[in-house]
Amino acid sequence: AIWINSANAPVSEESAKDKPLLPGLRDELNKVDAFALGGAGGKPLVTLKRSGEGWQVVERSGYPADVAKLREYLYKLADAKVLDTKTASPKRYAELGVEDPIDPAAKSVLVALGGVPDLPKLIVGLYNGQGGGGTFVRREGEAQSLLASGTLLAEKDPAAWIRKDVIDIDAARIKEVTLTGNDGKTLRVYKEQAGDANFRIADLPKGREPVSDFAANGMGSGLSNLRADDVAAVGDAPAPAKFFKAHYLAFDGRVVDVSAWEADGKARAQFAVSNDAAQLDTDIAVAQARDKAAYETAVAAAKLKVVEAKGDEAAIAKAEADVAKPVSLVDPAKDRAERLAAANKAVEELNAKLSGWTFTLPQYAFSNFHRGMEELLKPLESKSAAAKGAKPASAMLPPGAAPVRASI
């Protein structure tokens, strides 16, 4: 009884000020293995857990969490200091947003960390926007509310805690893109060489022209720094019978197939990654040829340097021998096998990251997967516009001739 009364007693202002909000947490951060947010009525909001595979979001079927975001918040908690003591009266908790979260009408959020013994849970209230900053908080089990340094408000949507990056393939690496609509119509754009400045439109309709030389370039950026707003397991958000398809082929042989659709006002997509064997072989051959050219240039430069220094044949031969031969010239077959293995491993890693998940994407990203041919072409001249531009019949009469008037 004595301990309970002392725990609930108000903390003196001087004894609390400038001390850590959660003493000992800074030294124990590496031991934290769980992070949970609870809301009004004791409802679980966000749960992150650490396993051998890293941090995962429980509410998103164990999808990887944004570790950088979590780390940033944990450091805020660890570095937070008490700026001031506030009310110890439960009747005034609601004014600061630090009422007990078990209350169905509570505005507070309960923050709990696992893996650190004796660390109290923290009731996080409102931000002190009108009083110079800081956040109103209360340690669970204590009557005294506090003003702590920093912004300790935590986002209550599990989607805010997922790892956002999906895939990142720069447009310069893309060889061709083929989009297939719900109606089966296709739109394909391509580059013949990796160094080409612009994508070309395949199967251009007769008599039609692109809006500009670079009209199709935006289609190559559909996989560039692609990020998700949310994620769900495929079983919870399966693809419908009809959806848009996007097929990306990179110069290095990488293939990404996208299935995209809209549901409940949200844009969703699934991804599958593979290698195009023929394109991969071509890319390896180009890389080996590039290695050979670079080696021959280096040898020629080394020989020229010796010749200019009046060196003899032996010195020239030594200079050539000193230039390191790339593996692709020493053992082309081994080099090719290693490049193939690296390409296949990269595909396996991407599929492990993407398969089994349905991603919710921003609308601007979704629009890259369902564009039509007409968007890339100059508009057709309408019949009315053509008629307005036509010369009147009288203008085509020879000089001096009067137009024939029809009798009424």
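Rules behind the numbers
- Residues numbered from 1 in each chain as written.
- Predicted model: local features only at pLDDT ≥ 70, side-chain atom pairs only at ≥ 80, totals over all residues.
- Heavy atoms only, no water.
- Helix = DSSP H or I, 4+ residues; strand = E, 2+ residues; numbered from the N terminus.
- Areas by Shrake-Rupley, 256 points an atom, 1.4 Å probe, with all protein chains shown as cover.
- Expected span 1.5 Å × (residues − 1).
- Buried < 20%, exposed > 50% of the residue type's maximum accessible area, 1.4 Å probe, protein only.
- Arc of directions from axis to C-beta.
- Contact = heavy atoms within 4.5 Å.
- Polar contact = N/O pair within 3.5 Å; in protein donor to acceptor, adjacent residues only side chain to side chain.
- Pairing = 2+ DSSP bridges.
- Axes fitted to C-alpha atoms, helices over the stretch in contact; angles between N-to-C directions.
- Parallel < 35°, antiparallel > 145°, perpendicular 65-115°, else oblique.
- Left-handed = near helix turned anticlockwise from the far one by under 90°.
- Nonpolar A, V, L, I, M, F, W, Y, C, P; charged D, E, K, R; others polar.
- Core = buried A, V, L, I, M, F, W, Y, C linked by side-chain atoms within 4.5 Å.

### Comments concerning the overall build of the protein
Assigned secondary structure in the protein consists of 11 helices and 19 strands. In the structure as shown, the protein presents an accessible area of about 23,200 Å², 54% of it carried by carbon and sulfur atoms.

### Quick look at helix H4 (residues 67-79)
Taking 1.5 Å per residue, 13 residues should reach 18 Å; H4 reaches 18 Å between its end C-alpha atoms and fits that length. Where H4 is concerned, the buried positions are Leu 70, Tyr 73, Leu 74, Leu 77 and Ala 78. Buried residues of H4 fall within an arc of 140° about the axis and therefore sit on the same side. For H4, the elements touching its buried residues are helix H3 (25-28), strand E1 (34-38), strand E2 (44-51), strand E3 (54-57), strand E6 (109-114) and strand E7 (122-127). Capping of H4 at its N-terminal end is provided by Asp 66; its side-chain oxygen lies 3.2 Å from the backbone amide nitrogen of Ala 68.

### Here's the deal with the sheet that holds strand E16 (residues 244-250)
Pairing is antiparallel in the open sheet, where eight strands are placed in the order E13-E12-E11-E16-E17-E18-E19-E15. Among the strands making up the open sheet, the edge pair consists of strand E13 (200-201) and strand E15 (230-233). Taken together, the two bridges between strand E12 (residues 186-190) and E13 define a ladder with antiparallel strand orientation. Residue pairing for E13: Tyr 190 is matched across the bridge by Arg 200. Where helix H9 (residues 332-354) meets the sheet, it contacts strand E17 (254-263), strand E18 (266-275) and strand E19 (357-361), and its direction lies at approximately 155° from that of E18.

### Description of the packing of helix H6 (residues 277-308) against H9
Where H6 meets H9, the axes come as close as 11 Å, and the angle between the chain directions of the two elements is 130°. Comparing their axes, H9 and H6 come out oblique. Between H6 and H9 lies a crossing whose hand is right-handed. Of the residues in H9, those touching H6 at Leu 280, Asp 281, Ile 284, Ala 287, Gln 288 and Asp 291 are Pro 332, Asp 335, Arg 336, Arg 339, Leu 340 and Ala 343. When the residues that make up the contact of H6 with H9 are grouped by side-chain class, the tally is six nonpolar, one polar and five charged.

### A short note on the nonpolar core
One finds Leu 21, Phe 35, Trp 161, Val 258, Phe 271 and Phe 359 to be the most contacted residues of the largest nonpolar core, which totals 75 residues. Sequence-distant contacts of Phe 35, defined by excluding residues within four places in its chain, comprise Val 46, Thr 47, Leu 48, Trp 55, Leu 70, Tyr 73, Leu 74, Val 111, Ala 112, Leu 113 and Trp 161. The next biggest cluster of nonpolar side chains, apart from the first, holds eight residues, and it includes Tyr 93, Leu 110, Phe 136 and Ala 143.

### Here we look at the environment of Thr 178
Turning to its location among the elements, Thr 178 is positioned in strand E11 (residues 174-180). Thr 178 sits 41 residues away from Met 219 along the chain, and the two C-alpha atoms are 9.2 Å apart. If near-sequence neighbours (up to four positions away) are discounted, Thr 178 is found in contact with Thr 186, Leu 187, Arg 188, Lys 245, Ala 246 and His 247.

### Observations concerning the environment of Ala 171
Within the element layout of this structure, Ala 171 appears in the loop between strand E10 (165-167) and E11. For Ala 171, a relative accessible area of 19% puts it in the buried group. For the pair formed by Ala 171 and Phe 199, sequence separation is 28 residues and the distance between their alpha carbons is 9.9 Å. When near neighbours in sequence (up to four residues on either side) are disregarded, Ala 171 contacts Lys 191, Phe 199, Gly 220 and Ser 221.

Without other data, these values stay purely geometric and don't point to any function.
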